[in-house]
Amino acid sequence: MRALLFALLLPTYASAQTLTTAILDASGVSDAQLKRVQRTAEANLTQLSALTVSEGAAFKKGAPRACEGNCAAQLASSLNAAGVLLLDVRGMDKTGEKISVELQLWLDGEKLGLRRLDGLTIDGFENASRAPLDLLLPAWAKKGYGGLRLQLEPGTTVKVDGRVAKVKPGQIQAVPAGMHQVDVIFPEGHAVLQRLEVPPGSRVKVEAQSPQAAVSGPAPKRFTALRGVSYGTFMAGAAVIA
């Protein structure tokens, strides 16, 4: 006798994500010019990212540096935001109109990447910085998207809307914001199909536990009619979005 074992999809969580900016260092530019660069970067992020962009604090020139070693990491970690864009702005002429800007994007205390823009004017920074910022943003954090963080056992396969997720366990699968079907398939062939809502700019955590044998008998190794029926039977899962 063949029997279907129950599979449990653990609760998932999605938290509101914020993105802010901070000036890592600056020289050769006025306070007004520096503020303009910072506000321009925030405006671009608002257009590009699904995360909520908050206004960063103004840079205080001449203030003693309260960091040792990796100041960028310490500054990013000190801010109450999941994502931080750090800007290092340097004037390249006496007027400060030509500038060099280094962009660093940090997420959860880790640096995702760095881009440097040289020889810009203050007016040209808006257009020149948009593409580099878009490249720095992870796919799940872009406008109209969210992510599924897959916490899986070895050998477990996850299909999102019928397509096999290609990311490794612990990584984030970018998906359009909205409702998605997540099919968790265990090595024995058993599966659970869930409907999960992914808010824009969120990272929904998906965890799966191997089912425990409830009855004796070999588990089906391939897709069977019984497994097909099980999809409809177990649509109501334990998915929770906080």
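Residues numbered from 1 in each chain as written. Predicted model: local features only at pLDDT ≥ 70, side-chain atom pairs only at ≥ 80, totals over all residues. Heavy atoms only, no water.

**Re the pattern of salt bridges**
Considering all chains together, one arrives at nine salt bridges under this definition. Linking Asp 123 and Arg 36 is a salt bridge whose minimum nitrogen-to-oxygen distance equals 2.2 Å. Of the two residues, Asp 123 sits in the loop between strand 6 (110-121) and helix 3 (125-136) while Arg 36 sits in helix 1 (residues 31-48), which places them 87 residues apart along the sequence. Relative accessible area serves as the criterion here: at 56%, Asp 123 is assigned to the exposed category. Overall, Arg 36 belongs to the partly exposed group, its relative accessible area being 42%. Ionic contacts of the salt-bridge type, sharing partners, join the residues Asp 25, Asp 88 and Arg 90 into one network. (Salt bridge = Lys/Arg side-chain N within 4 Å of Asp/Glu carboxyl O. Helix = DSSP H or I, 4+ residues; strand = E, 2+ residues; numbered from the N terminus. Buried < 20%, exposed > 50% of the residue type's maximum accessible area, 1.4 Å probe, protein only.)

**With respect to the nonpolar core**
In this structure, Leu 85, Leu 87, Leu 103 and Phe 125 are the most contacted members of the largest nonpolar core, which totals 28 residues. At the level of secondary structure, the elements contributing two or more residues to this core comprise strand 2 (18-27), helix 1, strand 4 (83-91), strand 5 (98-107), strand 6 and helix 3. The contact partners of Phe 125, leaving out residues within four places of it in the chain, are Val 37, Thr 40, Ala 41, Leu 87, Val 101, Leu 103, Leu 117 and Leu 120. The next biggest cluster of nonpolar side chains, apart from the first, holds 14 residues, and it includes Leu 152, Val 158, Val 160 and Ala 165. (Core = buried A, V, L, I, M, F, W, Y, C linked by side-chain atoms within 4.5 Å. Contact = heavy atoms within 4.5 Å.)

**Structural notes on helix 3**
For helix 3, built from 12 residues, the straight-helix expectation of 16 Å at 1.5 Å per residue is met to within 8% by its first-to-last C-alpha distance of 16 Å. Of all the positions in helix 3, only Phe 125, Ser 129, Pro 132, Leu 133 and Leu 136 are classed as buried. Down the axis of helix 3, the smallest arc covering the buried residues is 105°, so these residues share one side. In this structure, helix 3 carries Asn 127 and Leu 135 as exposed residues pointing more than 90 degrees from its buried face. Among the structural elements, helix 1, strand 4, strand 5 and strand 6 are those in contact with the buried residues of helix 3. (Expected span 1.5 Å × (residues − 1). Arc of directions from axis to C-beta.)

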